[in-house]
Amino acid sequence: MGVVSAPADGFALADRVCSAASRNAQPALDIDPFSIEYFEDPYPAQELVRESGSAVWLPRYSVWAVGRYEHVHTILNDWQTFCSSRGVGLSDFAQEKPWRPPSLVLETDPPEHDRARAVLARVLSPVVMKSLRTQFASAAERLVERLLDLRGFDAIADLAQAFPLSVFPDAVGMRADGREHLLPYASVVFNAFGPDNELRRQAIARSAPHVAWVAEQCRKENLAPVGLGAQIHAAADAGEISRPEAETLVRSLLSAGLDTTVNGIGAALYCLARFPRAWELLRANPMLARAAFEEAIRFESPVQTFFRTTTRVVTIGDIEIGEGQKVLMFLGAANRDPRRWPNPHVYDITRVTSGHVGFGSGVHMCVGQLLARLEAEVLLAALAQRIKSISIIGMPKRAFNNTLRGLDALPVMIDPA
Ligand code: OVV
């Protein structure tokens, strides 16, 4: 530990770091963290980001990159200096029109942020989670029984997607038809945080039907009288927020509430299939389901990156950053920073995961994290109780997205306990 090893591609670390003495010795890197090549294996480049300095300039996008845990954590917890209201993607809302009206929680700063956040925090509170638990657990058990009949299936489509799709839209109170728009819509949202590359352009070019459908579903009259959507609209009935604000907050649920849990659960399944010791531990003690999920979030970091924009000149470690600069936080790199995590590249469901930044940190920390954990916990516990082994029986296929890390396909075989 502490020794910098040569990246897997054979280029020595120093060859990629332009020490740029002409620019106050500010390190620069020519990596593209939004390229297919990077998504295929992000770890060498993430190590470069971490080891090059406390902040490193990415000339390709004219942004600062931060990959060390300490500094990612500091940035996440200083909204005054590192604001969200200019967007948390590459696009600076002070310079460019956002592709959709900004989110009232994600893309705002206190005090405006806090009003919207309070509504979502209440709608996604522990009391509400308790009311959802029994139905979620039954749905998980039913799905696992069905998969046991199949024996061989795609752990992404048939499990990581199927389970959230079987519980989340119902919990929100959505109508049954048109739900096939939800994952494509989320894919657009998360691609749109990235640069103007092929992924983002294609996603936005094809977004119109998904955007129109989602906007329609956010209206009070299209949501069941009980459910998370209705609870948001109740805040408008009470005069706490306006009706259009309620609709935009329902949009936040639909934007951030499904593809994230799909990739979080997918990460846990991929980890448990690759690390048989972890699977055996979980099987021996299904109470470890929550720990297995949390460690999968640290290990895979399904949400890989977010940006902030500086509101003043600021120093990160020994690097000075100007005002109005985009700062790219590598959550995945921070979650594997050897300065913070022993054996960071090992999936270990017995480790202390608290402090990981897979859900962010600070005022914007994932407001849906309890719902994500509930879904994952009941599903992993059901698997642990009914299944002896999960084996990968075909090539995993990676999904490419500017923000989300996960798989498109994971062919597996399961054996009953
Ligand atoms: C965390 C997140 C991701 C995407 C969209 C939103 C939030 C939103 O609030 O719309």
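Report on the accompanying structure. Sequence order as written defines residue numbering, which begins from 1 separately in each chain. Totals for whole chains, interfaces and linings use every residue, but because this is a predicted model, local features are given only for residues with pLDDT of at least 70 and side-chain atom pairs only at 80 or more, for both listing and counting. By convention in this description, side-chain values take in all heavy atoms of the structure and omit both hydrogens and water.

Moving on: the site of the ligand. Within the structure, the ligand sits among Arg100, Ser103, Val105, Leu106, Val189, Phe190, Phe193, Ser252, Ser255 and Ala256. Using the Shrake-Rupley algorithm and a 1.4 Å probe, accessible areas are obtained, with residue cover drawn only from the displayed protein chains. For the ligand, whose accessible area on its own is 290 Å², the fraction buried by protein is 86%. Of all the secondary structure elements, the ones that give two or more residues to the shell around the ligand are helix H8 (182-191) and helix H12 (243-256). Going along the chain from the N terminus, every DSSP run of H or I of four or more residues is numbered as a helix, and every run of E of two or more is numbered as a strand. The greatest single-element share of the shell around the ligand, amounting to three residues, is contributed by H12. Class assignment for the residues of the shell around the ligand results in six nonpolar, three polar and one charged. When we say a residue is near a molecule or strand, we mean one of its heavy atoms is within 4 Å of it. Throughout, the ten residues Ala, Val, Leu, Ile, Met, Phe, Trp, Tyr, Cys and Pro are labelled nonpolar, Asp, Glu, Lys and Arg are labelled charged, and all others, Gly among them, are labelled polar.

The next point concerns the nonpolar core. Among soluble globular proteins, nonpolar side chains are generally buried collectively. We define a nonpolar core as any set of buried Ala, Val, Leu, Ile, Met, Phe, Trp, Tyr and Cys residues linked to one another through side-chain atoms lying within 4.5 Å. Throughout, exposure labels follow a simple rule: accessible area from a 1.4 Å probe, protein chains only, divided by the maximum for the residue type, with under 20% read as buried, over 50% as exposed, and the rest as partly exposed. Grouped together as the largest cluster of nonpolar side chains are 109 residues, with contacts concentrated most on Phe163, Ile232, Leu254, Tyr347, Leu380 and Leu383. Here the element with the most residues in this core is helix H17 (residues 369-386); it accounts for eleven residues. With near-sequence residues (within four places) excluded, Leu383 lies in contact with Val144, Leu159, Leu269 and Trp279. Contacts are residue-level and defined by heavy atoms, with any inter-residue pair within 4.5 Å sufficient.

Attention now goes to the packing of helix H15 (residues 289-300) against H17. Two numbers describe how H15 lies on H17: the axes approach to 8 Å, and their chain directions differ by 120°. It follows that H15 is oblique to H17 by the angle criterion. Between H15 and H17 lies a crossing whose hand is right-handed. Contacts between H15 and H17 involve Ala289, Arg290, Ala292, Phe293 and Glu294 from the former and Ala372, Arg373, Leu374, Ala376, Glu377, Leu380 and Ala381 from the latter. Grouping the constituent residues of the contact of H15 with H17 by class yields eight nonpolar, no polar and four charged. Axes, fitted as lines to C-alpha atoms, cover a helix only where it is in contact. Angles between the N-to-C directions of the axes lie from 0 to 180 degrees. In what follows, roughly perpendicular refers to angles from 65 to 115 degrees, roughly parallel to angles under 35, roughly antiparallel to angles over 145, and oblique to any angle outside these ranges. In a left-handed crossing the near helix is turned counterclockwise from the far helix by less than a right angle, and in a right-handed crossing that turn is clockwise.

Quick look at the pattern of salt bridges now. Just to be clear on terms, a salt bridge is a Lys or Arg side-chain nitrogen sitting within 4 Å of an Asp or Glu carboxyl oxygen. Under the counting rule described, the total for this entry stands at 25 salt bridges. Here Glu245 and Arg115 are joined by a salt bridge, their closest N and O atoms 2.8 Å apart. You can see Glu245 sitting in helix H12 and its partner Arg115 sitting in helix H5 (residues 112-123), a full 130 residues away along the chain. Note that Asp237 is salt-bridged to Lys220, the shortest N-O span being 3.3 Å. With Asp237 in helix H11 (residues 228-237) and Lys220 in the loop between helix H10 (208-217) and H11, this pair connects stretches of sequence that are 17 residues apart. Residue Asp237 is classed as partly exposed on the basis of its relative accessible area, which comes to 46%. A single salt-bridge network, built from bridges that share partners, covers Glu51, Asp337 and Arg339.

Here the distance between the centres and the angle between the planes together describe a pair of aromatic rings. The rule is short: rings of Phe, Tyr and Trp, with Trp giving its six-membered ring, pair when the centres are within 6.5 Å, and they are stacked under 30 degrees, edge-to-face over 60, tilted in between. Tallied over the full model, the rule gives eleven aromatic pairs. Relative to Phe299, the ring of Phe275 lies with its centre 5.6 Å away and its plane at 85°, an arrangement referred to as edge-to-face. Taken together, the residues span a long stretch of sequence, with Phe275 in the loop between helix H13 (259-274) and helix H14 (276-284) and Phe299 in helix H15 at a distance of 24 residues. Under the relative-accessibility criterion, Phe275 is labelled partly exposed at 23%. Where Phe299 meets Tyr347, the ring centres are 6.0 Å apart and the plane angle is 75°; that geometry is what we call edge-to-face. Taken together, the residues Phe299 in helix H15 and Tyr347 in the loop between helix H16 (331-334) and H17 connect sequence positions 48 residues apart. Across the pair, exposure class does not vary: Phe299 and Tyr347 are buried alike. Charge over a ring is defined by NZ of Lys or CZ of Arg lying within 6 Å of the ring centre and within 35 degrees of the ring normal. Between the NZ or CZ atom of Arg274 and the centre of the ring of Tyr270, over which it lies, the distance is 3.5 Å. Over the face of the ring belonging to Trp341 we find Arg298, whose NZ or CZ atom lies 5.6 Å from the ring centre.

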